[in-house]
Amino acid sequence: MALRPDEFYDHALAATDDERRLPLARMTGWDVSPFEPDGLRVAPLRPPVLPEPPRHGEDPSNCDACRDQGDGIWFNDSWRLTRIAGVGVPLVLMLHPREHYDMADLPDGLAAELGVLTTHIVRHVQALAHISRAHVYRIGDGGAHLHIWFFARPEGQAQLYGSWMPVWDDLLPEYPADVAEADAALVADALVASIGGRRKAT
Ligand SMILES: [Zn+2]
């Protein structure tokens, strides 16, 4: 059984200094870390918050992902793909089920479709010129409606390898929106060709 919240906190606290700061992460020592260890310090460890606050859209009647059914670059009867604007990497896409499900609640049929769709989206993003990799993330701490992230890593930018990429994305200047939009359209057209669906919501 996993540690209770208070047990977990005590366990972590035992590794902190007298300001409840943990030592720097091993990841900050990685060659691809965006931060140099000098001058960097870890935020004081906070105690658990219980009960946890609700995420956005816990109630489907108040869920943006359910409401914004017309927003996207590709659609089929069960799924919708959107482009996230204002990012630093060349392309960030997000896949949402049309109906209100979180990942653990996804019926097996939709879960199977998710696997196939994820594979096709990765394939088409990686086929774009000057894109080396599509990273895939599901986190789910902010919104209750399942949303899968696809981050395109720019070719040759080796510091953006691995799990620091979302942090680099936040540090980088905003990527040209017209270029991202054109690449998103290529991915959407390739999806229509490889798996069906359509470019418009209706
Ligand atoms: Zn929803």
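This one's a predicted model, so the numbers in the text were calculated from it and none came from an experiment. (Residues numbered from 1 in each chain as written. Predicted model: local features only at pLDDT ≥ 70, side-chain atom pairs only at ≥ 80, totals over all residues. Heavy atoms only, no water.)

Student: Describe the layout of surface pockets, and please don't skip the residues or the numbers.
Tutor: Size it by volume and the largest pocket reaches roughly 300 Å³. Around the largest pocket sit 14 residues that line it, and Asp64, Ala65, Met94, His96 and His147 are the ones nearest its centre. Residue assignment for the lining of the largest pocket shows that the elements contributing at least two residues are helix 2 (64–67), strand 2 (79–83) and strand 3 (91–97). (1 Å grid on protein atoms, 1.4 Å probe; cavity = no way out; pocket = protein on both sides within 12 Å on 5 of 7 lines; lining within 4 Å. Points joined across faces, edges and corners; volume = space filled by probe spheres on them. Helix = DSSP H or I, 4+ residues; strand = E, 2+ residues; numbered from the N terminus.)

Student: Give a description of the domain arrangement of the protein chain that names residues and reports values.
Tutor: Domains assigned within the protein chain are domain 1 (1–53) and domain 2 (64–195). For domain 1 and domain 2, the distance between their C-alpha centres works out to 29 Å. With seven residues of domain 1 at the interface, the matching set in domain 2 holds eight residues. Here domain 1 and domain 2 share an interface that buries about 660 Å² over both sides, 76% of which is from carbon and sulfur atoms. Together, Met27, Val32 and Pro34 form the three largest contributors to the area buried by domain 1 at its contact with domain 2, with a combined 68%. Counting across the interface, domain 1 meets domain 2 through zero salt bridges. On the surface where domain 1 and domain 2 come into contact, there are two residue pairs in polar contact (both at pLDDT 80 or more). A per-class count over the side of domain 1 that touches domain 2 returns five nonpolar, two polar and no charged. (Domains from an automatic or database assignment. Contact = heavy atoms within 4.5 Å. Buried area = accessible area lost by both parts, 1.4 Å probe. Salt bridge = Lys/Arg side-chain N within 4 Å of Asp/Glu carboxyl O. Polar contact = N/O pair within 3.5 Å; in protein donor to acceptor, adjacent residues only side chain to side chain. Nonpolar A, V, L, I, M, F, W, Y, C, P; charged D, E, K, R; others polar.)

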